[in-house]
Amino acid sequence: MSAVIYPTTNLSATEQLLFERGEGIYVYDQSGKQYLEGLAGLWCTGLGYGNRELIDTISSQLATLSFSHTFGGKSHQPVIDLADKLAGMVPVDKAMVFFGNSGSDANDTHIKLLRYYFNAIGKPEKRKIITRERAYHGVTVAAGSLTSLPANLAHFDAPLDALGILRTDHPHYYRGAKPGESEADFVARITANLEQLILSEGPDTIAAFIAEPITGASGVIVPPAGYYEAVQAILEKHDILFWADEVITGFGRTGKLFGCETVNIQKPAMMTFAKQLSSAYYPISASVIRGDLYEPMISASNEVGVFGHGFTYSGHPVACAAALKTLEIYERDGLYANAASVGEYLQSRLQEFADMESVGEVRGAGLLAAVELVSNRDDRTPDVDLAKRATLACQENGLIVRNVAGNALAVCPPLIITREQVDEMVDKLRRSLEQAL
Ligand code: PLP
């Protein structure tokens, strides 16, 4: 056993698989065996592996200015260009951008920005945050408290009570609906629960509602039509900010530039980005907020003398250069359009699985999808063992997928994937599933 403490791993497990190199949408292990990276690493390598142009940009930035912090207004061109670029892309009015290193720390930053803002405008009691069951927003003490997956909470004494985290229903119709309930009735019921929660806690105590537009890590869940329209109407009525966590869904993943567009979320007040922002070639995250939330923070920082939040690597020049080049390549090479058209093809091919006796639901959008496995289609009993066996069979057949929510297989290939490669992926998935039955 090596000295590595492996993240999100059963600690009694030893090394499972040692990867050595990657090229395009494929990775290779130490024995030279090829795997189609059906999960883009961990939902992040949009450009796949070995992108020469991006590697050259990173090397050149390393050679020019390998580090510069951004405390106290010390700056450099890549951080300014990246902030302006993002501000011009997002559906957030007069967006301002704070850079970090991971999706988790970007969500922590947002929690602190919310406090700073509401303290600045004289509403210190407006600080609770509504998250949803099954949410995944990271693992730091604060962002981990927004996450609702049992494994991320158990034994960590999480969530941290002092944060005032509230939980509401997850919009998964297949699992959450009552027998005979229509999608519209399901949406009406769970959004009525949301409003009830807001009223019982007191709207003046609630700062924001956070959601992954399409839920990723806990099973790729696409909400029913009308869900976000209803949520946003309730939040607006009670003066609660909408916070979109686009760490997985950002940058073309769901077939549109942002997941918000795919599921009809209008003008979020805050957005979180990481992962595909730099195609995972260099760690970087971004916390984006509406300009009118930022304004009062300026005078609050005047009072203290400094806005006392920042990481050594906030706005790291190499990370910013990597992200700028990544966004340029996504745009120039038509990869958002590719994700939309090849994504549509992927979804249609995966629907071929819907008739299988062991498949309960096939769902997704763009190049993000999941196949949920059940041992009984009538009562929808989750088949966790089949999902484990199928994930291993995929690996044996040279395909990486992720077992999520216990009984679902998720795919999320690099945005550069072609139709032919989708065929290869889906064929391998079918063969593996059949072998695992
Ligand atoms: N938010 C969402 C929606 C995520 O899916 C993730 C990671 O998967 C995070 C936040 C946390 O990001 P990181 O692992 O970079 O801290």
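Residues numbered from 1 in each chain as written. Predicted model: local features only at pLDDT ≥ 70, side-chain atom pairs only at ≥ 80, totals over all residues.

Undergrad: Before we go on, may I ask you to explain the overall build of the protein chain in this structure?
TA: Each helix and strand in the protein chain was counted, giving 15 helices and 16 strands. Compactness check: the protein chain gives a C-alpha radius of gyration of 22 Å against a globular reference of 22 Å for 437 residues, within 12% of the reference. Over its C-alpha atoms, taken along the principal directions, the protein chain stretches across nearly 65 × 60 × 45 Å. Taken across its 437 residues, the protein chain has 49% of its residues classed as buried. Pairs at least 24 residues apart make up 72% of the contacts formed inside the protein chain by residues separated by at least 6 positions. (Helix = DSSP H or I, 4+ residues; strand = E, 2+ residues; numbered from the N terminus. Rg over C-alpha atoms; globule rule 2.2 N^0.38 Å. Buried ≥ 20, exposed ≤ 12 C-beta atoms within 10 Å, placed from the backbone. Contact = placed C-beta atoms within 7 Å.)

Undergrad: Sorry, what's going on with the site of the ligand here?
TA: The local shell around the ligand holds 14 residues, among which Ser 102, Gly 103, Ser 104, Gly 138 and Val 247 are the closest. Looking at which element gives the most residues to the shell around the ligand, the answer is helix H4 (residues 103–120), with three residues. Here the residues of the shell around the ligand are counted per class, giving five nonpolar, seven polar and two charged. (Near = placed C-beta within 6 Å. Nonpolar A, V, L, I, M, F, W, Y, C, P; charged D, E, K, R; others polar.)

Undergrad: Help me understand the nonpolar core, please; the structure alone is not making it clear to me.
TA: Among soluble globular proteins, nonpolar side chains are generally buried collectively. Grouped together as the largest cluster of nonpolar side chains are 130 residues, with contacts concentrated most on Ala 208, Phe 209, Val 288 and Ala 410. With nine residues, the top contributor of residues to this core is helix H12 (residues 317–332). When we break this core down by domain, the ones giving at least three residues each are domain 1 (19–52 + 334–436) and domain 2 (56–332). The contact partners of Val 288, leaving out residues within four places of it in the chain, are Leu 86, Val 90, Val 92, Ala 95, Val 97, Met 270 and Met 271. (Core = buried A, V, L, I, M, F, W, Y, C linked by C-beta atoms within 7 Å. Domains from an automatic or database assignment.)

Undergrad: What is the right way to look at the domain arrangement of the protein chain in this model?
TA: For an interface, size is often stated in terms of accessible area lost upon the parts coming together. Examined at the domain level, the protein chain breaks down into domain 1 (19–52 + 334–436) and domain 2 (56–332). Between the C-alpha centres of domain 1 and domain 2 there is a distance of 26 Å. If you look at the interface, domain 1 gives 27 residues, while domain 2 gives 24 residues. Contributions of two or more residues to the side of domain 1 that touches domain 2 are made by helix H1 (40–43), helix H13 (335–350), strand E11 (359–365), strand E12 (368–376) and strand E16 (408–411). Grouping the amino acids of the side of domain 1 that touches domain 2 by side-chain chemistry returns 17 nonpolar, seven polar and three charged.

Undergrad: Explain the sheet that holds strand E8 (residues 241–245) to me, please; I cannot follow it from the model alone.
TA: The pairing of strands in a sheet happens through backbone hydrogen bonds and is either parallel or antiparallel. Strand order in the open sheet made by the seven strands is E4-E10-E9-E8-E7-E5-E6, with mixed pairing throughout. Either end of the sheet is taken by a strand with one partner, and the two such strands are strand E4 (96–100) and strand E6 (165–168). Going across the sheet, the axis of each strand differs from the next one's by a mean of 20°, ignoring polarity. Bridging between strand E5 (residues 128–132) and E6 involves four bridges; their strand directions are parallel. Note that in E6 the partner of Ile 129 across the bridge is Ile 165. In the packing of H4 onto the sheet, the strands contacted are E4, E5, strand E7 (206–211), E8, strand E9 (270–273) and strand E10 (285–289), and the crossing angle to E10 comes to about 25°. (Pairing = 2+ DSSP bridges. Axes fitted to C-alpha atoms, helices over the stretch in contact; angles between N-to-C directions.)

Undergrad: How do you make sense of the environment of Ile 329 when you look at a structure like this?
TA: Relative to the helices and strands, Ile 329 resides in helix H12. When sequence neighbours within four positions are dropped, the list of residues in contact with Ile 329 reads Leu 47, Glu 53 and Leu 54.

Undergrad: I would appreciate a short explanation of the packing of H4 against helix H11 (residues 291–304) in the present structure.
TA: Helix packing for two helices is described by the angle between their axes and how far apart those axes are. Where H4 contacts H11, the two axes come as close as 8 Å, and the packing angle between them is 70°. The angle between the axes of H4 and H11 places the two elements in the roughly perpendicular class. Residues Tyr 116, Tyr 117, Asn 119 and Ala 120 of H4 lie in contact with H11, whose contacting residues are Leu 293, Pro 296, Met 297, Ser 299 and Ala 300. Classifying every residue of the contact of H4 with H11 by side-chain character gives seven nonpolar, two polar and no charged. (Parallel < 35°, antiparallel > 145°, perpendicular 65-115°, else oblique.)

Undergrad: Would you mind going over the pairing of E9 with me for this structure?
TA: Put simply, side chains in a regular strand alternate between the two faces of the sheet. Side chains Met 270 and Thr 272 of E9 all project onto a buried face; the interleaved residues Met 271 and Phe 273 project onto the opposite face, where all are buried too. Both E9 and E10 contribute to a ladder of four bridges, which runs antiparallel. Bridge pairing links Thr 272 to Ser 287 in E10.

Undergrad: I'm lost on the packing of helix H3 (residues 77–89) against H12 in this one. Help?
TA: Where H3 contacts H12, the axes come no closer than 8 Å and their chain directions differ by 40°. When the interaxial angle is binned, H3 and H12 end up oblique. Handedness of the H3/H12 crossing: left-handed. In this structure, H3 uses Pro 78, Val 79, Asp 81, Leu 82 and Lys 85 to contact H12, whose residues at the interface are Pro 317, Cys 320, Ala 321, Ala 323, Leu 324 and Leu 327. Residue classes in the contact of H3 with H12 are distributed as nine nonpolar, no polar and two charged. (Left-handed = near helix turned anticlockwise from the far one by under 90°.)

Undergrad: Can you walk me through unusual backbone geometry in this structure?
TA: Across the chain, the bulk of peptide bonds are trans and the bulk of non-glycine residues have phi less than zero. Omega for the bond connecting Ala 158 with Pro 159 falls within 30 degrees of zero, at 0°, which places this linkage in the cis form. Looking at where Pro 159 falls in the secondary structure, it is placed in the loop between helix H6 (150–153) and E6. You will see that Ala 40, though not glycine, has its phi angle at about 45°, which is positive. Here Ala 40 shows up in helix H1. Classification of Ala 40 by C-beta neighbours within 10 Å gives buried; the count is 29. Even without being a glycine, His 155 presents a positive backbone phi close to 70°. Relative to the elements of secondary structure, His 155 occurs in the loop between H6 and E6. Among the residues examined, His 155 registers 6 C-beta atoms within 10 Å and is labelled exposed.

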